[in-house]
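Residues per chain are reported as follows:
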Amino acid sequence: QVQFVESGGGLVQPGGSLRLSCAASGSIYSVYALAWYRQAPGKQRELVARIARYDTDYADSVKGRFTMSRVNAENTLYLQMNSLKPEDTAVYYCNADPPYIRPGTADEDWGQGTQVTVSS
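A short tour of the structure in this document, coming up. (Residues numbered from 1 in each chain as written. Predicted model: local features only at pLDDT ≥ 70, side-chain atom pairs only at ≥ 80, totals over all residues. Heavy atoms only, no water.)

**Observations regarding the packing of aromatic side chains**
Counted under the stated rule, the structure contains 3 aromatic pairs. Ring centres of Tyr93 and Trp110 lie 5.6 Å apart, and the angle between their planes is 70°; on these two criteria the pair is classed as edge-to-face. With Tyr93 in strand β9 (residues 90-96) and Trp110 in the loop between β9 and β10 (114-118), this residue pair connects regions lying 17 residues apart in the sequence. The exposure classification of Tyr93 matches that of Trp110, with both residues buried. Taken together, the ring pairs in this structure connect Tyr37, Tyr93 and Trp110 into an aromatic cluster. Its end group placed over the ring of Tyr93, Arg45 keeps NZ or CZ at 4.5 Å from the ring centre. Positioned over the ring face of Trp110 is Arg45, at 3.8 Å from the centre of the ring. (Phe/Tyr/Trp six-rings, centres within 6.5 Å; stacked < 30°, edge-to-face > 60°. Helix = DSSP H or I, 4+ residues; strand = E, 2+ residues; numbered from the N terminus. Buried < 20%, exposed > 50% of the residue type's maximum accessible area, 1.4 Å probe, protein only. Lys NZ or Arg CZ within 6 Å of the ring centre and 35° of its normal.)

**Details of the state of the cysteines**
A covalent bond bridging the sulfur atoms of two cysteines is what the word disulfide describes. A full pass over the atoms with the stated rule returns 1 disulfide. Disulfide pairing is shown between Cys22 and Cys94; the S-S distance is 1.9 Å. Around the S-S axis, the bridge from Cys22 to Cys94 shows a dihedral of about 75° and counts as right-handed. Of this pair, Cys22 sits in strand β3 (residues 18-24) while Cys94 sits in strand β9, and the two are 72 residues apart along the sequence. (Disulfide = S-S within 2.5 Å.)

**As for the sheet that holds strand β1 (residues 4-7)**
The strand order β1-β3-β8-β7 describes an open sheet built from 4 strands, whose pairing is antiparallel. The sheet is open, and its two borders are formed by β1 and β7 (66-71), each paired with just one other strand. Each strand of the sheet is rotated relative to its neighbour by a mean of 15°, with strand direction disregarded. (Pairing = 2+ DSSP bridges. Axes fitted to C-alpha atoms, helices over the stretch in contact; angles between N-to-C directions.)

**Some remarks on the pattern of salt bridges**
The final tally for this structure, using the stated rule, is 6 salt bridges. A salt bridge links Asp88 to Arg38, with the shortest nitrogen-to-oxygen separation between them at 2.9 Å. Pair noted here: Asp88 is in the loop between β8 (76-81) and β9 and Arg38 is in strand β4 (residues 33-39), with a separation of 50 residues, a long-range link. On the basis of relative accessible area, Asp88 is assigned to the buried category, the value being 0%. You can call Arg38 buried: its relative accessible area is 5%. With a closest N to O distance of 3.2 Å, Asp60 and Lys63 form a salt bridge. (Salt bridge = Lys/Arg side-chain N within 4 Å of Asp/Glu carboxyl O.)

The following block contains the structure:
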């Protein structure tokens, strides 16, 4: 199954922008729904943006600030994050929706993620 590698995170001041990338190890053309997730310290992982074919949905907390896109020809997902807030600080992951299960296990299969820190 497809695996994902996230990149593009970093330290940014409040109000700043970052663009995250997610490179897939194989074709994402046939994957119906893909998503960006994040996990802040001490909190559960949450879905922040989801794209199914050409329809995109966002968590209320990021709506109007984040934009997700998928480029099937590049097997890549992007997350443009604008007007960043300290509460956006988290490790960001990409995956299918629902997340892939590691073969032979009952565990969700996650990559390393990319750290986003919003702080002055």
